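Each chain, written out:
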Amino acid sequence: MPSLARPAALLLLLLVPLGAFLAGRPEPLPRADFTFVLPKENATVDPAAATSVADGWIVQALFEGLYRLDPSTLAPLPAAAESTELSADGLTYAFRLSPRARWSDGRPVTAGDFLYSWLRLLDARTGSSYASQLWVIAGAREFSTGAAPASAVGLAAPAPDTFVVHLCAPCPFFLALAAHFSCAPVRQDLIEAYGDAWTEPDRIVSNGPYRLELRRIRDRLRLVRNEQHARASATRLRVIDALAIDSKATALNLYLTGDADWVNALPAASLRRLHGRPDLRLNTVLATNFLRFNVTAPPLDDARVRRAIDLAIDREALCRFVYQSGEAPARSLVPPALPGYVPAAGAAGGIEAARALLAEAGFPGGRGFPELELLHAADESVRAVAEALSATLQQALGVRLRPAPQEFKVYLDSQKQLRYQVSLGMWIGDYPDPATFLDLFASDAGANRTGWKSARYDELLRQAGAEGDPARRAALLRKAEELLLREGPIAPICFRGQANLVSPRVTGFTTNLLDLHPLELLALR
Amino acid sequence: MLTYVLRKLLSVALLLVLVFTGAFFLMRLAPGGPFDAERALPPAIERSIAARFQLDQPLLVQYGSYLADVFLRGDLRPSFSYRDTSVNQIIAETLPRSAALGAAALLLALFLGVPAGLLAAARRGHARDLLLSALFALALAVPNFVLATLLVLLFSFVLPWFPVAGFSSLRHLVLPALALGVPLAAAIARLTRAGVLEALASPYIRTARAKGLAPGAVLARHALRAGLVPVVTYLGPACAAILTGSLVVEKIFAIPGMGSFFVTSVMNRDYTLAMGVLLLYFGLLAVLNALVDVSLHLIDPRVELQ
């Protein structure tokens with residue numbers, strides 16, 4: 001071996017890391033006007049594929065549906081649509097599109113765009129989690145399930161500026177549904193040309209207040225104001241970064257050093273110490289935490305046992321000492337504050353009533369009661385709740401519920417297969433109507449996962465679905481909720497809270513039940 | 001040398017097929033699927049997604065076509081969790097960032113570790129050796145999340161010199177490279193020290209000294225070369241781990257690398273992404289080990305290539 005080979009080889013070994021460093025070193029980015037941390041990395045910007053609340057924020061910054069929700073009142077406001085005519089029977093909506101609605105490439109938004117996008121959302125091949133939300137449209141369920149062709153769906157575009165929707169039953173919250181992020185229009189030409197890759201920044205064309213400038217996996221999305229948008233002149237922030245940060249502690253650090261202006265997911269361990277800060281905003285959202293009972297096996301097949309556990313939950317203590325984000329004790333599944341609906345009052349009575357019920361079921365003082373598993377998702381904050389719950393139930397009733405954490409996907413699977421006894425569950429409402437919660441426990445609902453089936457409950461939901469009068473509909477839904485709480489396949493625990501840390505220099509930030517924060521309304525002092 | 005390279009390549013390919021097979025079936029055995037969520041999908045839609053990702057076919061058919069895609073076409077398929085991105089794209093985008101951070105940490109570790117080990121070995125048993133050895137032990141014992149958190153506290157909050165997290169300038173790399181590199185430097189220093197001490201005890205060093213070579217020259221020219229053998233051996237696997245990213249350090253400093261995929265892809269049942277990062281890791285490990293064999297052979301000709 002020539003004597004130079006050895007040093008050369010060693011040098012080469014050093015050049016490999018040096019090259020790696022130079023190839024992947026950070027590319028500097030000019031600072032955005034406004035930076036916020038997403039609670040979870042954005043999985044997609046495709047309206048039909050998005051599922052999380054935060055994906056919804058991004059989709060709604062990029063795309064604009066027929067309607068949007070006012071963030072303070074949640075009332076539907078015209079967006080891509082200018083006005084709507086509803087037929088006398090409450091079944092046909094005729095949306096008149098705004099002449100100012102344009103795509104970011106300047107092309108007008110047409111009724112054909114909505115027709116294509118809504119059929120795509122409904123199409124089973126798209127695989128959208130939200131397809132079933134539009135099954136109030138005539139023929140939509142049949143199309144989604146493959147029983148009817150697309151032409152049978154009650155959608156039409158008789159003129160470029162007129163989009164007509166025929167429902168199969170009156171739906172008082174239909175405009176709110178139309179405002180959901182999944183119903184935003186997408187471009188047929190791009191999807192046909194590029195397939196799934198149509199969302200890449202250099203290809204995507206959108207019609208919302210922002211357009212997508214950059215997407216770095218695990219790092220950020222950069223949004224830039226869409227100058228073609230009808231309200232562009234009123235949109236204050238020009239460049240917005242949405243950061244994907246895994247660690248909540250890191251997100252908080254970024255906020256504390258001024259590198260982020262808004263953080264929506266905060267570490268549970270720090271929340272208590274953040275209380276009292278003027279920039280911490282706590283509010284309840286349209287989401288409920290509850291216990292699911294597997295009603296197919298003893299002892300939980302006995303409604304008295306489930307009621308006893310329900311009554312013995314110390315909701316106030318859990319909300320005060322364990323949850324830290326402004327949660328409120330829940331006695332119903334549907335959160336209060338939905339317009340036109342008063343949630344059913346849950347079971348009344350205290351610990352004494354709970355003990356009596358348990359004794360009646362054959363377990364006086366908890367004697368003879370088998371140890372049960374309390375299934376929950378393996379997550380730091382959920383574990384604290386499971387442990388507190390288990391301790392208080394043992395104290396109150398003498399029953400043992402052993403916390404059993406499972407990795408999230410396993411936890412979902414165990415519930416789906418009914419391989420559990422009691423589990424900690426939750427549901428986030430999608431639109432401001434009780435049906436977004438109550439539909440969950442219909443006998444054939446996929447997310448029921450309790451084994452509880454009630455023909456009466458299904459019938460009440462069906463009647464409510466066909467009822468045109470809002471007050472009578474609300475009464476029917478309330479009856480259904482009463483039945484659900486009486487028979488107790490679930491025990492509500494709390495209405496979820498949401499903590500937002502928002503920099504004092506930000507204006508236009510509103511908290512609301514749906515945790516919606518339209519970026520176009522934000523500004524800096 | 002050529003036969004060595006060819007044989008090595010063949011064994012790497014075989015290893016990757018084995019890893020692929022094991023991972024494929026193990027992942028399918030794990031309960032829960034990629035599309036399970038709180039929101040249950042209507043059965044018709046669930047079936048259509050399964051068909052789109054070819055999850056509706058018999059397992060062996062899936063295995064065969066996936067194997068062909070990966071090994072014949074180099075197509076790792078679309079990711080399940082990043083809905084509109086392929087695994088090839090994800091790795092192409094995130095690996096260079098992890099590798100850049102890893103390389104910075106590695107260079108730091110080498111430039112700190114080797115001289116420190118040499119310094120300690122030069123005065124065995126003296127105060128300097130004891131102090132340095134204690135420091136190495138401490139740096140190895142402190143878990144990297146503690147070190148990372150301390151670095152953030154000290155150099156981002158108490159002394160606001162470096163950003164807390166992110167990846168938009170070279171300054172963003174300093175703290176994570178330290179957090180990743182310091183324990184590695186300690187490991188390298190300990191190995192260097194042990195290797196050099198062993199070499200110093202061997203007869204050829206005595207010969208060199210007897211011939212009147214200056215102590216510094218003995219150390220740097222003869223003892224160090226032999227002392228580096230364990231370091232280089234250790235560097236192969238260490239490189240594979242450090243270049244593919246550290247879960248903890250990337251998480252704390254919000255480095256958009258691929259370190260967290262080793263855990264999150266499995267948790268999300270993102271079968272294709274998990275497979276992609278596994279194959280990459282094992283492939284890199286095998287290649288680096290082969291490189292180590294070659295460089296050992298070059299450093300010390302007594303080491304044969306087999």
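The residue numbering used here restarts from 1 in each chain and proceeds along that chain's sequence as written. The naming scheme follows written order: chains are lettered A onward, ligands numbered 1 onward. Only residues with pLDDT of at least 70 get local features here, since the model is predicted, and only at 80 or more are side-chain atom pairs given and counted; chain-wide, interface and lining totals rely on the full set of residues. Side-chain descriptors were evaluated using all non-hydrogen atoms of the structure, hydrogens and water having been removed beforehand.

1. Focus on the overall build of chain B
Part 1 of the argument: Regarding its fold elements, chain B presents 12 helices and 0 strands.
Part 2 of the argument: Across chain B, helices and strands are ordered from the amino to the carboxyl terminus as α-α-α-α-α-α-α-α-α-α-α-α.
Part 3 of the argument: The cut-offs for exposure are 20% and 50% of the maximum accessible area for each residue type, with area from a 1.4 Å probe on protein chains only; residues under the lower value are buried, those over the upper are exposed, and the others partly exposed. Split into buried and exposed, the 306 residues of chain B put 50% on the buried side.
Part 4 of the argument: Contact between two residues is taken to exist if any of their heavy atoms lie within 4.5 Å; hydrogens are not considered. By sequence separation, contacts in chain B at least 24 residues apart represent 71% of the contacts at least 6 residues apart.
Part 5 of the argument: Counted as positive: Lys and Arg. Counted as negative: Asp and Glu. His and the chain ends are not counted at all. Charged side chains are reduced to one point each, which is NZ for Lys, CZ for Arg, CG for Asp and CD for Glu. Positive and negative charge centroids in chain B, built from 24 and 15 side chains respectively, lie 13 Å apart. Strands here mean DSSP runs of E at least two residues long; helices mean DSSP runs of H or I at least four residues long; both are numbered from the N terminus.

2. Some points on the packing of aromatic side chains
Residue and element names in this part refer to chain A.
Part 1 of the argument: Only the six-membered ring of Trp is used, alongside the rings of Phe and Tyr, when aromatic pairs are assigned; centres must lie within 6.5 Å, and planes under 30 degrees apart are stacked while those over 60 apart are edge-to-face, with the rest tilted. All told, the structure shown has 35 aromatic pairs over all chains when counted by the stated rule.
Part 2 of the argument: With 4.9 Å between their ring centres and 20 degrees between their planes, phenylalanine 36 and tryptophan 262 make a pair best called stacked. With a gap of 226 residues between them, phenylalanine 36 in strand β1 (residues 34-38) and tryptophan 262 in strand β11 (residues 262-263) connect regions that are remote in the sequence.
Part 3 of the argument: Assessed through its relative accessible area of 0%, phenylalanine 36 is described here as buried.
Part 4 of the argument: Here tryptophan 262 falls in the buried class, since its relative accessible area comes to 0%.
Part 5 of the argument: Consider the rings of phenylalanine 290 and phenylalanine 441, whose centres lie 5.9 Å apart with planes at 75 degrees: the pair is edge-to-face.

3. Thoughts on the interface of chain B and chain A
Part 1 of the argument: Contact with chain B, which involves 63 residues of that partner, is made by 67 residues of chain A.
Part 2 of the argument: Taken over both partners, the interface formed by chain B and chain A buries close to 5,400 Å², and the fraction arising from carbon and sulfur atoms is 61%.
Part 3 of the argument: A quick way to say it: buried area is the sum, across both parts, of accessible area lost when two parts are put together, with a 1.4 Å probe. It is Glu38, Arg39 and Asp84 of chain B that lose the most area in chain B upon contact with chain A, and together they represent 16% of the buried surface on that side.
Part 4 of the argument: We define a salt bridge as a contact between a side-chain nitrogen of Lys or Arg and a carboxyl oxygen of Asp or Glu at a distance within 4 Å. Viewed at the interface, chain A and chain B are joined by 8 salt bridges.
Part 5 of the argument: Polar contacts, as used here, are pairs of N or O atoms within 3.5 Å; protein pairs need one atom able to donate a hydrogen and one able to accept it. Residues neighboring in sequence count only if both atoms are side-chain atoms. Counting across the chain B and chain A interface gives 26 residue pairs in polar contact (both at pLDDT 80 or more).
Part 6 of the argument: At the level of elements, α2 (43-52), α4 (87-122), α6 (144-158), α10 (247-252), α11 (261-267) and α12 (271-299) of chain B are the ones that each hand at least two residues to the side of chain B that touches chain A.
Part 7 of the argument: Among the elements that line the side of chain B that touches chain A, the one with the most residues is α4 of chain B, at 13 residues.
Part 8 of the argument: In this classification, Asp, Glu, Lys and Arg are treated as charged, Ala, Val, Leu, Ile, Met, Phe, Trp, Tyr, Cys and Pro as nonpolar, and every other residue, Gly included, as polar. Here the side of chain B that touches chain A is built from residues that sort into 37 nonpolar, 13 polar and 13 charged.

4. Brief notes about the pattern of salt bridges
Residue and element names in this part refer to chain A.
Part 1 of the argument: Inspection of the entire model under this criterion finds 45 salt bridges over all chains.
Part 2 of the argument: Across the pair glutamate 520 and arginine 231 runs a salt bridge, and its minimum N-O distance is 3.0 Å. With a gap of 289 residues between them, glutamate 520 in the loop between β18 (506-507) and β19 (523-524) and arginine 231 in the loop between β9 (220-225) and β10 (239-244) connect regions that are remote in the sequence.
Part 3 of the argument: The exposure class assigned to glutamate 520 is buried, which follows from its relative accessible area of 8%.
Part 4 of the argument: The salt bridge involving glutamate 360 is made with arginine 304; its shortest N-O contact spans 3.7 Å. Here the residue glutamate 360 occupies a position in helix α11 (residues 351-360), and arginine 304 occupies one in helix α9 (residues 303-312), the gap between them amounting to 56 residues.
Part 5 of the argument: In this structure glutamate 360 comes out as exposed when scored by relative accessible area, which is 51%.
Part 6 of the argument: Salt bridges sharing partners connect three or more residues here, namely Arg216, Asp219, Arg220, Arg222 and Asp241.

5. Side note on helix α3 (residues 59-73) of chain B
Residues and elements named next belong to chain B.
Part 1 of the argument: For α3, built from 15 residues, the straight-helix expectation of 21 Å at 1.5 Å per residue is met to within 8% by its first-to-last C-alpha distance of 20 Å.
Part 2 of the argument: Inspection of α3 places Gln62, Tyr63, Tyr66, Ala68, Asp69 and Val70 among the buried residues, and these make up the whole buried set.
Part 3 of the argument: Its buried side turned inward, α3 meets α1 (2-29) and α12.
Part 4 of the argument: Of the residues flanking the end of α3, it is glycine 74, one or two places downstream, whose phi is positive at about 65 degrees. What a helix should span is 1.5 Å times the count of its residues minus one.

6. What to know about the nonpolar core
Part 1 of the argument: Ranked by internal contacts, the top residues of the largest apolar core, which has 137 residues, are Phe36, Trp118, Ile137, Val165, Phe174, Leu291 and Leu397 of chain A.
Part 2 of the argument: At 7 residues, helix α3 (residues 111-122) of chain A tops the list of elements feeding residues into this core.
Part 3 of the argument: Ignoring any residue separated from it by four or fewer positions in sequence, one finds phenylalanine 174 of chain A in contact with Tyr93, Phe95, Trp118, Leu134, Val136, Ile137, Val165 and Leu167 of chain A.
Part 4 of the argument: One finds Leu271 and Leu280 of chain A together with Ala105 and Leu285 of chain B within the second-largest nonpolar core, a separate group that totals 69 residues. Residue types Ala, Val, Leu, Ile, Met, Phe, Trp, Tyr and Cys, when buried and joined through side-chain atoms within 4.5 Å, form a set referred to as a nonpolar core.

7. Quick look at the domain arrangement of chain A
Residues and elements named next belong to chain A.
Part 1 of the argument: What fixes the domain bounds is an automatic or database domain assignment. By the assigned domains, chain A splits into domain 1 (64-195) and domain 2 (283-498).
Part 2 of the argument: Relative to domain 2, the C-alpha centre of domain 1 lies at a distance of 34 Å.
Part 3 of the argument: Listed per partner, the contact involves 11 residues of domain 1 and 10 residues of domain 2.
Part 4 of the argument: A combined buried area of about 790 Å² lies between domain 1 and domain 2, and 69% of that area is made up of carbon and sulfur atoms.

8. Some remarks on the environment of proline 339 of chain A
Part 1 of the argument: Considering the arrangement of structural elements, one finds proline 339 of chain A in the loop between β13 (328-329) and α11.
Part 2 of the argument: You can call proline 339 of chain A exposed: its relative accessible area is 64%.

9. Let's talk about the sheet that holds strand β6 (residues 155-159) of chain A
Residues and elements named next belong to chain A.
Part 1 of the argument: Strand pairing requires that DSSP identify at least two bridges connecting the strands. Read from one edge of the open sheet, 4 strands run β4-β5-β7-β6, paired in antiparallel fashion. Of all the strands in the sheet, just β4 (81-86) and β6 have a single pairing partner and so form its edges. The average undirected angle you get between the axes of adjacent strands in this sheet is 20 degrees.
Part 2 of the argument: Where strand β5 (residues 92-97) lies against strand β7 (residues 162-166), 5 bridges are found, and the strand directions are antiparallel. Within the sheet, the bridge partner assigned to phenylalanine 95 lies in β7 and is phenylalanine 163.
Part 3 of the argument: Axis angles are defined between N-to-C directions and span 0 to 180 degrees, where every axis is a line fitted to C-alpha atoms and, for a helix, only to the segment in contact. The sheet contacts of α3 involve β5, β6 and β7, and relative to β6 the element is tilted by about 170 degrees.

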